[in-house]
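A look at the structure
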Protein chains: 2
Amino acid sequence: MSFLDEVPWDAAGLIAAVTQDAASGRVLTVAWMNRAALAETVRLGEAVYWSRSRQRLWRKGEQSGHVQKVLEVRLDCDADAVLLKVEQVGGVACHTGRESCFFRKLEDGRWVAADPVLKDPATIYGK
Amino acid sequence: MSFLDEVPWDAAGLIAAVTQDAASGRVLTVAWMNRAALAETVRLGEAVYWSRSRQRLWRKGEQSGHVQKVLEVRLDCDADAVLLKVEQVGGVACHTGRESCFFRKLEDGRWVAADPVLKDPATIYGK
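Below is a summary of the structure that appears in this document. Everything numeric here is computed off the predicted structure, so don't read it as measured data.

Moving on to the overall build of chain A. Helices and strands together make up the secondary structure of chain A, namely two helices and eight strands. Listing each helix as α and each strand as β along chain A from the N terminus yields β-β-α-β-β-β-β-β-β-α. In summary, chain A has a C-alpha radius of gyration of 15 Å against a globular reference of 14 Å for 127 residues, a match within 12%. By sequence separation, contacts in chain A at least 24 residues apart represent 42% of the contacts at least 6 residues apart.

Time to look at the environment of alanine 31 of chain B. All names here are of chain B. You can see alanine 31 is positioned in strand β2 (residues 27–33). Given a relative accessible area of 6%, alanine 31 falls into the buried group. Separated by 27 residues in the primary sequence, alanine 31 and tryptophan 58 have C-alpha atoms spaced 10 Å apart.

We now examine the relation of the copies chain A and chain B. Each copy of the sequence occupies a distinct position, and chain A is placed on chain B by a rotation of 180° and an axial shift of 0.0 Å, giving an RMSD of 0.0 Å. The superposition operator between the copies reduces to a two-fold rotation axis. Minimal C-alpha separation from the rotation axis in chain A is found for glycine 25 of chain A, amounting to 2.6 Å. Here 100% of the contact residues of chain A are again contact residues in chain B; the copies associate through an equivalent surface.

We now examine helix α1 (residues 35–44) of chain A. Residue and element names in this part refer to chain A. Taken as a whole, α1 has its buried residues at Ala37, Leu38 and Thr41. One face of α1 carries all of its buried residues, which in axial projection span an arc of 95°. Taken together, the buried residues of α1 touch β2 (27–33), β3 (48–51), β4 (56–59), β5 (68–75) and β6 (81–88). A positive phi of about 75° marks glycine 45, the residue just after α1.

About the cut-offs
- Residues numbered from 1 in each chain as written.
- Chains lettered and ligands numbered in written order.
- Predicted model: local features only at pLDDT ≥ 70, side-chain atom pairs only at ≥ 80, totals over all residues.
- Heavy atoms only, no water.
- Helix = DSSP H or I, 4+ residues; strand = E, 2+ residues; numbered from the N terminus.
- Rg over C-alpha atoms; globule rule 2.2 N^0.38 Å.
- Contact = heavy atoms within 4.5 Å.
- Buried < 20%, exposed > 50% of the residue type's maximum accessible area, 1.4 Å probe, protein only.
- Least-squares fit on C-alpha atoms with pLDDT ≥ 70 in both.
- Arc of directions from axis to C-beta.

The following block contains the structure:
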């Protein structure tokens, strides 16, 4: 019996994966994993997701170098989400060059970009 | 233009909602919201989710009293998840009586309950 068998994968074979910086507690990303992604994440000790847009395994940081080193993996009570506690290499999780993908805050009924861009995406992705 | 219109609700009309204790940084729950749930959450200042199992709006704490007072609402870069920073009334988010729903930790290939039960569920739900 593998820990993978205890996950009730949804109709698309996925589970939501919340990733949190282990040091700061900041929630960095929400992404998706299939069985292979979770298995690879645990095997490598680095976050591997399932890209729904590209329909393939996506090793976080494969292009940017902003790898997420996994320190802890948790499962919630109804087993429809996993939580990764990670060390975010480079301090940037978002493709916009920000620490977290959750950089927009609701203020007076509007989403406002509330966090600084730490690295120019053109530099990150060499475009 | 409402902030609700900027959310690209999925095929089922939902968005993932990650809820984090604002003080401790602990990720408490992952749940789902439809448009009405997010609107109500912002209007009330308390977390309201869409229960997929019961197919109805679910005001967190409606039975248990363990309401989540919302201090901040954030949206991620591709707008497929919201993050709530909350004050968790009663210090218990999980129906098992634990602080967080993510109480199972992967250890040596097994999910192990790693957090204490703070309140007896029988007491919480009066069963």
